[in-house]
Amino acid sequence: MRTPVLIVALFLTLGVVAEDELPSGADLCDRAEAAIGDAKKIAAIETIATQVKVTYKNMGAMEGTMNEYFARPMKACRKTNFAQMGEMLEGTDGKVFWEINPMQGPTVHSGNAKVLKEHDYASKLMVPWREIYKEAKCLGVTKVGDSDCYKVELTPKEGRKEICYYDKETMLTRKVELIFDEPMSGQQLPIELIFDDYRPVNGIKHAFKVRVKVSVMDIEWEYTSIKHNAKLPAGVFDLPSVIRKAAKGTDSSKKPKAKPQDQ
């Protein structure tokens, strides 16, 4: 009658062995970077320009367009237009991280929201993971859609932990989970990013489809163009005047006034 005890012991032993055999988180992150493309080619990319079709899947399939501009070391501008909502802008000049949209008005990001924007733009610029994160831990293997993925917990040098899922076969990122501080309510909202349709651009792999799920919103980004070392519009990273004034703390008389986001 000792068989059940032996079986339990065997399963426990196998579980420990399986956990011990998992690759380290750092090794997985290194392999994921290598899967994107040659590090020297990536480092030679000074600017990136994209064109994107944006669809709100659960709002009557409302469609819009988005243009993104990025430049090393850390400059960004994202312009999104919907006929029903107007224009939404966000970006950074490398110091101030900001956003303007018709629903919330102008906002100067701080705290976790600023960190998440920095991580977002850094991923677009393919910044080496060690420049952003101080630790990576493999939590196991799980499914994302039909793909077996390594689940990796990333601890950034600043901000909250994030979870990244790397496809075991290709080592490309399939999903990212993080927490966002909603500026109006102050609520902490989970965000899920799902990446698909990877294609090479000048030998560097990019996800041409990104699904963004946050709260009740389900948004799809479908990239129609990604260009490396593109010539960018003049002044594209200049701060809008309302943001520039708010960042300096001098816009006390005009409305709407950008408010620093809660940490």
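Let us look at the structure shown here. (Residues numbered from 1 in each chain as written. Predicted model: local features only at pLDDT ≥ 70, side-chain atom pairs only at ≥ 80, totals over all residues. Heavy atoms only, no water.)

1. Some details on the overall build of the protein
And then number 1: Secondary structure assignment for the protein yields five helices and 14 strands.
And then number 2: Going through the 263 residues of the protein one by one, you find that 46% of them count as buried.
And then number 3: In the protein, of all internal contacts separated by at least 6 residues, the share reaching a separation of at least 24 is 46%.
And then number 4: Roughly 14,600 Å² of accessible area belongs to the protein as shown, and the carbon and sulfur atoms make up 53% of that amount. (Helix = DSSP H or I, 4+ residues; strand = E, 2+ residues; numbered from the N terminus. Buried < 20%, exposed > 50% of the residue type's maximum accessible area, 1.4 Å probe, protein only. Contact = heavy atoms within 4.5 Å. Areas by Shrake-Rupley, 256 points an atom, 1.4 Å probe, with all protein chains shown as cover.)

2. Some points on the nonpolar core
And then number 1: Judged by nonpolar contacts, the single largest core of 55 residues is most densely connected at V152, L154, Y166 and W221.
And then number 2: No other element matches the six residues that strand β12 (residues 204-214) contributes to this core.
And then number 3: V152 has contacts with G25, L28, C29, A136, K137, C138, E162, I163, C164 and Y166, leaving out every residue within four places of it along the chain.
And then number 4: V96, V108, V242 and A246 belong to the second largest nonpolar core, which has nine residues in total. (Core = buried A, V, L, I, M, F, W, Y, C linked by side-chain atoms within 4.5 Å.)

3. Some words on the pairing of strand β3 (residues 75-82)
And then number 1: Here eight bridges tie strand β2 (residues 62-71) to β3, and the two strands are oriented antiparallel to one another. Bridge pairing links G64 to F82 in β3.
And then number 2: Two elements, β3 and strand β4 (residues 86-92), share seven bridges in a ladder whose sense is antiparallel. Bridge pairing in β4 places C77 opposite G91. (Pairing = 2+ DSSP bridges.)

4. Topic: the packing of aromatic side chains
And then number 1: Summed over all chains, the structure comprises three aromatic pairs.
And then number 2: Centre to centre, the rings of Y56 and F82 are 5.2 Å apart; their planes meet at 65 degrees, and the pair counts as edge-to-face. On the criterion of sequence distance, the pair formed by Y56 in strand β1 (residues 47-56) and F82 in strand β3 is long-range, its members being 26 residues apart. Summarising the burial analysis for this pair, Y56 and F82 share the class buried.
And then number 3: Each ring, one from F70 and one from Y121, has its centre 6.1 Å from the other, and the planes form 50 degrees; the classification is tilted. Here the residue F70 occupies a position in strand β2, and Y121 occupies one in helix α4 (residues 111-124), the gap between them amounting to 51 residues. The same class applies to F70 as to Y121, namely buried.
And then number 4: Taken together through their ring pairs, the aromatic side chains of F70, F97 and Y121 make up a single cluster. (Phe/Tyr/Trp six-rings, centres within 6.5 Å; stacked < 30°, edge-to-face > 60°.)

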